[in-house]
Amino acid sequence: MVNCFAIININVTGICLSLHKNWMKIMIRYSAVRLLAFLTLMSVLAGCNRDNVITGSLPPVINFDNGTGMYSVVAGEELVIAPVYTNVDDATTYRWTLDGRVIGDGPQLCRVWEDVGEHYVILSVRSEGGSASEEVLVEVTPTPLPGILLPLDGDALTVRVDSEYKFAPVFTNADGLQVRWIVDGEPVSDEREYTYRAGSDAGTHTLVIEAANSYGTSRREISIDVVAELPVRLEFLPLTNLSASTMRYTFAGRGVYLSPFTAGVDASGLEWSVDGRATGHSGAGYMFVPSAPGEYVVTVTAAGRYAASVTVVCVSVTEDSRFRAGSVGTQTRVFEYMPAPGQFINDTGIGGMTGAETTPDAAAQWAQRRMERGTAVSLGGFGGYIVVGFDHSIPATAGEFDFSVLGNAFLGDNTGAGTGGSNEPGIVYVMQDVNGNGLPDDEWYELRGSEDDKAVVQYAVTYFRPQGVRLPVMWLDSRGSSGSIDYIADIHPQESYYPAWIQEDSYTLYGTCLPAANYQEASGLWVNPPFGWGYADNYGSDVVASGDDNGTGQRNGFSISRAVYPDRTPVKLKYIDFIKVQTGVNSKSGHLGELSTEVCGFEG
């Protein structure tokens with residue numbers, strides 16, 4: 001609103017000068033009565049102007065020194081709130097109240113805040129001209145002691161005798177950080193990373209990590225159990241989270257590639273048998289090709305004493321008989337939405353989630369609605385995936401592409417992505433509904449891409465739920481490396497990047513890992529360059545639509561003929577029924593965060 005009194009105050013000198021110069025014109029034009037009224041008005045104006053300061057009775061105005069009236073302070077520290085006032089004088093009174101209690105009576109509020117949380121303070125100002133009040137929000141945050149984040153379930157670790165284990169924590173609130181490692185009461189290092197070397201004797205030891213900053217010291221204690229032999233794990237895993245079954249299905253004459261999950265055994269020495277008869281094959285993987293319909297029990301044995309079995313069902317129908325006709329050209333159902341942790345996960349702002357995605361079904365339905373609008377669904381860090389189905393089988397054709405996946409990759413230097421643009425390649429898998437139950441619980445076949453010879457197959461990453469809010473998510477991979485999905489508070493401030501619908505404190509994602517190609521330019525911008533071809537959300541040679549400047553509407557085409565087994569031998573498929581896209585790179589680009597494939601829809 002325009003302050004009319006201020007305008008009069010500013011221009012009153014000019015009015016007086018204009019009045020003096022045109023006095024005779026006014027005398028001629030106006031009657032005596034009108035002239036008397038005009039002179040009375042000028043007298044009032046002159047009385048209000050004393051050295052260009054308004055002295056009339058105007059209500060006070062409160063302007064906060066930070067412009068918002070919202071403040072943040074660490075618990076135990078003093079906060080000074082110093083508003084700027086107008087239309088006040090020495091007689092003006094001030095009152096600051098919190099929960100009905102008066103906590104200040106001056107123009108400024110100086111207070112030490114102890115209770116963590118949000119506090120609403122009412123500032124009331126009263127002067128001769130009236131009163132004004134404003135609400136102030138004070139957010140009191142916990143004392144920022146260092147956080148010690150490790151990729152562990154709890155605070156226990158088991159290692160083998162005469163082995164090494166490298167601890168590489170992520171420390172939060174690390175300004176001025178000092179670290180100390182203590183083993184069995186003896187200080188052993190003051191570096192940020194520490195390699196624990198187990199001796200030749202079995203037993204239990206205590207490792208303590210101390211991390212200190214200017215606010216104080218945090219401490220984490222880990223029990224290390226040194227054993228002669230690590231627990232052995234040898235098992236076949238379900239192909240999908242939709243079912244606990246490990247049964248495998250195929251058509252007569254088509255192989256099933258079998259590879260168990262192993263821990264604590266030499267996978268290269270595994271021995272294989274079918275229905276109790278040795279095959280003569282040894283190694284980490286085995287291609288079983290049934291020649292006739294029926295059920296076959298395939299068993300793998302390690303070290304002559306550990307064994308695991310899986311049932312392979314060779315169905316009695318032909319491949320052609322499972323083909324389904326339909327008319328909808330896009331995905332009709334999201335069967336699974338299982339992202340890795342990431343900055344868009346649980347984000348009700350930019351990420352577009354609602355907060356109601358607390359079950360796997362709710363998350364899948366949310367992803368389906370997003371893609372129906374052509375809006376991006378983030379798969380998070382490495383291994384995060386989405387599985388979709390159609391109302392029909394998609395045939396393998398003689399053309400270049402059989403189906404397409406919508407992403408948001410682009411080239412160029414827009415949106416701060418660097419001269420190489422933004423590409424976050426996702427690996428594409430396909431499946432036939434061999435068992436005919438309408439669910440994606442059969443064999444996944446990866447589609448080859450340009451980086452196939454450089455990829456790490458049968459790679460796995462385990463993600464650990466953070467032990468608090470607004471923290472990075474730690475991970476540990478199948479090669480013993482560890483890292484984190486960084487927390488980016490200024491862009492994605494949700495409490496956790498760990499999917500809200502996963503109840504376990506850790507979960508593992510399996511797949512093929514592509515080499516990281518991202519890098520930082522001299523300008524400071526990060527570049528995520530594209531791979532040649534064969535990946536979703538990647539501006540390669542297989543782009544069939546470029547999208548807009550931000551990549552929206554970008555499409556990659558895919559051919560079913562590029563399907564391969566895990567050992568990279570080709571498999572011939574006449575059609576497919578399900579598609580999976582999975583984040584293929586385990587890397588991050590500084591302030592941009594983790595590389596996370598986005599999908600906006602499927603067409604086929």
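See the structure above.
Here the structure is a predicted model, which means the values were calculated and not measured.

So, how was this worked out
- Residues numbered from 1 in each chain as written.
- Predicted model: local features only at pLDDT ≥ 70, side-chain atom pairs only at ≥ 80, totals over all residues.
- Heavy atoms only, no water.
- Pairing = 2+ DSSP bridges.
- Helix = DSSP H or I, 4+ residues; strand = E, 2+ residues; numbered from the N terminus.
- Axes fitted to C-alpha atoms, helices over the stretch in contact; angles between N-to-C directions.
- Core = buried A, V, L, I, M, F, W, Y, C linked by side-chain atoms within 4.5 Å.
- Buried < 20%, exposed > 50% of the residue type's maximum accessible area, 1.4 Å probe, protein only.
- Contact = heavy atoms within 4.5 Å.

Before going further, it helps to spend a moment on the sheet that holds strand β29 (residues 306–314). One open sheet holds the 5 strands; their spatial order is β22-β29-β28-β25-β26, and the pairing between them is mixed. Unpaired on one side and paired on the other, β22 (248–250) and β26 (277–282) mark the two borders of the sheet. When the angles between neighbouring strand axes are averaged without regard to direction, this sheet yields 30°. Bridge analysis of strand β28 (residues 294–302) against β29 gives 9 bridges, and the strand direction is antiparallel. Bridge assignment links Ala-302 to a residue of β29, and that residue is Tyr-306.

Counting 66 residues, the largest nonpolar core has Tyr-337, Ile-386, Phe-403, Tyr-463, Ile-579, Val-581 and Phe-602 as its most contacted members. No other element matches strand β32 (residues 385–395), which puts 6 residues into this core. Apart from the residues lying within four places of it in its own chain, the contact partners of Phe-602 are Gly-329, Thr-330, Gln-331, Met-371, Ile-386, Val-388, Phe-390, Ser-404, Val-405, Leu-406, Ile-579 and Val-581. Grouped together as the second largest cluster of nonpolar side chains are 21 residues, Leu-157, Val-179, Tyr-194 and Ala-198 included.

Of all residues except glycine, most have a negative phi; of all peptide bonds, most are trans. Positive phi, close to 60°, is recorded for Asp-162, a residue that is not glycine. Within the secondary structure, Asp-162 is located in the loop between β13 (156–160) and β14 (164–167). On the accessibility criterion, Asp-162 (53% relative accessible area) is exposed. Located in the positive-phi region is Gln-458, a residue other than glycine, with phi close to 50°. Inspection of the secondary structure assignment puts Gln-458 in strand β36 (residues 456–464).

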